[in-house]
Amino acid sequence: MVRAGRMSYFLTESGRRLVFYGSTTLAVGIFSGHYLTHTIGIQYYKNLFQAYKNGEERQVSEKLLQRFERAVNLLNLSDFERKFVNPFMVSGFDVCNAGTLKSRNGGLVGIPVNFEYDHVNDIDKKDVIIRGHKVDWSSEGGKLLEGCLVLSEDEQVFGMAREIVTMNTNKRLFQAIIPTTGWVFTYSIASLINQRMNLYVRPRSLRMVLYTICGLFGYGIYSFAADMSEMYYETDADKKLAALGPQIADAGVRFYNKILQKNVAIRKLTGDDYYTAKGNINYLVRQKAAPLTMRRDFFIASLSDLTNDRSEEAS
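These numbers were taken from a predicted model, which means no experiment stands behind them. Each residue is numbered by its place in its chain's sequence as written, counting from 1. Totals for whole chains, interfaces and linings use all residues, but because this is a predicted model, local features are given only for residues with pLDDT of at least 70 and pairs of side-chain atoms are given and counted only at 80 or more. For the side-chain quantities, the full set of heavy atoms in the structure was used; hydrogens and water were omitted.

### What about unusual backbone geometry?
So, step 1. The phi torsion at Asn76 lies on the positive side, around 55°, for a residue other than glycine.
So, step 2. Assignment of secondary structure puts Asn76 in the loop between α4 (62-74) and α5 (79-82).
So, step 3. Positive phi values are uncommon outside glycine, yet Asn198 reaches one of about 50°.
So, step 4. Going along the chain from the N terminus, every DSSP run of H or I of four or more residues is numbered as a helix, and every run of E of two or more is numbered as a strand. Note that Asn198 resides in the loop between α8 (171-196) and α9 (204-242).
So, step 5. On the basis of relative accessible area, Asn198 is assigned to the partly exposed category, the value being 40%. Accessible area is worked out with a 1.4 Å probe on protein chains only. A residue is then buried under 20% of its type maximum, exposed over 50%, and partly exposed in between.

Have a look at this one:
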C-alpha cells in the first residue's frame, strides 16, 4: 500500500512536473555524455586508449610523426586546423579518432602500435595478445595475421587521413543530438498520449504497455538514425579520399584488404563469430557501420574509374 501510494504521487500535477524535470535533466545528460567526452573530456578519452610499454606511455616515433604530417598535408588543412589535430599511440591494430576539429579542444588520431612495423621481423610476437590469449603464429590464422600487420607507408597515411577527414565534420555534434532527440521524442509522445486518452486514471498496467511501445518505437528511431549517420560519415570520408587521386584510391584498397584479412585471422584464431568469414563485423540486428567489404569495393571501383579517366586523357 505504501508503495502504491508513492507511485500514485507521480499521477498528481506536482509528480508529473517532477517527472518532466527529471526527463529534461536526463536529456541534458545524454547530450553531454555523448558530446563532452569528445570535447572538454577528450583527455580522459586519450588516457583510456593510450598504449603503454613498461608502465610508460608509448610515444609517437619520428617516423610516424612524418607520416602523420604527410596525411595532414594530403588533406590541405589550414594552419588553424593543423593546430587542433594530434596523434597518439593506441593499443590494438585499428587506427581510430577522438574529438572533433569543430571544437577548440581539437581531435586526436589514435595510431596502432603495428604502424611501427616495416617488416614482419619487426613484429614483437610475444607481446601480441588476441582476446587474452597468445597467438599461435604457426597456425593458419597466425600466418594470416602476420601478413596483414605490416602496412606500407601509403596505407598508413591513408588510415590517418581517413580519421582526420572524419573528425573534420559535425559528426560528434550530430551523433549527440540523435539520442537526445530520441529520448525527448519518446517522453513527449508518451506524455501526449497519456493526456489525450486520460490514462492517468486507468490501470497502471495499461500505462506500462504504452511506455513499452513508445520506448521500443523511440529506440527503433534512434537506432536507425544513429546507424545511418555513422554509415553516411564513413562513406563520405571514403568519397573525399578517393577524390584525391588513384594513388590514394589504391592505398585505400590495400588498407581495407589488410583490415579484412586481420579480422579473418582473428576469427580463425579465436573461433568466435564476431567477424564474418569475409572479415566484416557480424552485427545481429543493427548495421552500426558500413561493411568493410563495401568500403573496399568502393575504392576498387574508384581506382578503376580514375585509371580509365587518365587513360582517356592520355589518348
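### Describing the packing of aromatic side chains
So, step 1. Only rings of Phe, Tyr and Trp enter the pairing, Trp through its six-membered ring, and a pair is recorded when the two centres are within 6.5 Å. The plane angle decides the type: under 30 degrees is stacked, over 60 is edge-to-face, the rest tilted. Taken as a whole and judged by the stated rule, the model has 15 aromatic pairs.
So, step 2. Geometrically, the ring pair formed by Phe80 and Phe84 is tilted, given 4.9 Å between the ring centres and 55° between the ring planes.
So, step 3. Classification of Phe84 as buried rests on a relative accessible area of 17%.
So, step 4. Centre to centre, the rings of Phe255 and Tyr256 are 5.5 Å apart; their planes meet at 80°, and the pair counts as edge-to-face. In this pair, the class of Phe255 matches that of Tyr256, namely buried.
So, step 5. Counting every residue linked through ring pairs, the aromatic cluster contains Phe158, Phe255, Tyr256, Phe298 and Phe299.
So, step 6. Throughout this description, the term charge over a ring refers to an Arg CZ or Lys NZ atom that lies within 6 Å of the ring centre and within 35 degrees of the ring normal. Lying across the ring of Trp137, Lys125 places its NZ or CZ 5.3 Å from the centre.

### Some details on the pattern of salt bridges
So, step 1. Each reported salt bridge corresponds to a side-chain nitrogen of Lys or Arg within 4 Å of a carboxyl oxygen of Asp or Glu. Within this structure, the stated rule accounts for 23 salt bridges.
So, step 2. In this structure, the salt-bridge partner of Glu153 is Arg70, at a minimum N-O distance of 3.2 Å. Here the residue Glu153 occupies a position in helix α7 (residues 153-167), and Arg70 occupies one in helix α4, the gap between them amounting to 83 residues.
So, step 3. For Glu153, a relative accessible area of 36% corresponds to the partly exposed category.
So, step 4. Each of Lys63, Arg67, Arg70, Glu116, Asp118, Glu153 and Asp154 takes part in a single network of salt bridges with overlapping partners.

### A few points about the packing of α4 against α7
So, step 1. Running from amino to carboxyl end, α4 crosses α7 at an angle of 55°, the nearest separation of the two axes being 8 Å. Considering their axes alone, α4 and α7 lie oblique with respect to each other. Here the hand of the crossing between α4 and α7 comes out right-handed. On the side of α4, the interface is formed by Leu64, Arg67, Phe68, Arg70, Ala71, Val72 and Leu74, while α7 contributes Glu153, Asp154, Gln156, Val157, Met160, Ala161 and Ile164.
So, step 2. Following the grouping adopted for this structure description, the nonpolar residues are Ala, Val, Leu, Ile, Met, Phe, Trp, Tyr, Cys and Pro, the charged ones are Asp, Glu, Lys and Arg, and the polar ones are all others, Gly among them. For the contact of α4 with α7, the residue count by class is nine nonpolar, one polar and four charged. To obtain each axis, a line is fitted to C-alpha atoms, and for helices this fit is confined to the stretch in contact; angles are then taken between N-to-C directions over 0 to 180 degrees. Roughly parallel here means an angle under 35 degrees, roughly antiparallel means over 145, roughly perpendicular means 65 to 115, and every remaining angle is called oblique. Crossing handedness follows the turn of the near helix against the far one: under a right angle anticlockwise gives a left-handed crossing, and clockwise gives a right-handed one. Residue contacts are defined here by distance: any two heavy atoms, one from each residue, within 4.5 Å place the two residues in contact.

### Some remarks on the sheet that holds strand β5 (residues 107-112)
So, step 1. We treat two strands as partners when DSSP finds at least two bridges between them. Read from one edge to the other, the open sheet built from three strands follows the order β3-β5-β4, with strand pairing classed as mixed. For this open sheet the edge positions go to β3 (85-90) and β4 (96-99), each flanked by a neighbour on one side alone. If you compare each strand with its neighbour and ignore which way they point, the axes differ by 25° on average.
So, step 2. As paired strands, β3 and β5 are joined by six bridges and run parallel to one another. Paired with Pro87 across the two strands is Val109, which belongs to β5.
So, step 3. Contacting β3 and β5, α4 runs over the sheet at an angle of about 140° to β3.

### Looking at helix α10 (residues 246-270)
So, step 1. Taking 1.5 Å per residue, 25 residues should reach 36 Å; α10 reaches 36 Å between its end C-alpha atoms and fits that length.
So, step 2. Directly beyond the C-terminal end of α10, a positive phi value near 80° is found at Gly271. Expected helix span is given by 1.5 Å per residue-to-residue step, counting one fewer step than there are residues.

### Details of the packing of helix α2 (residues 13-35) against α8
So, step 1. Two elements in contact, α2 and α8, have axes whose closest approach is 8 Å; the angle formed by their N-to-C orientations is 165°. Accordingly, the angle class assigned to the pair α2 and α8 is roughly antiparallel. Considering only the axes of α2 and α8, their crossing is right-handed. Residue-level inspection shows Arg16, Val19, Phe20, Ser23, Leu26, Ala27, Ile30, Phe31, His34 and Tyr35 of α2 in contact with α8, the latter providing Arg172, Leu173, Gln175, Ala176, Ile177, Pro179, Thr180, Trp183, Val184 and Tyr187.
So, step 2. Grouping the amino acids of the contact of α2 with α8 by side-chain chemistry returns 14 nonpolar, four polar and two charged.

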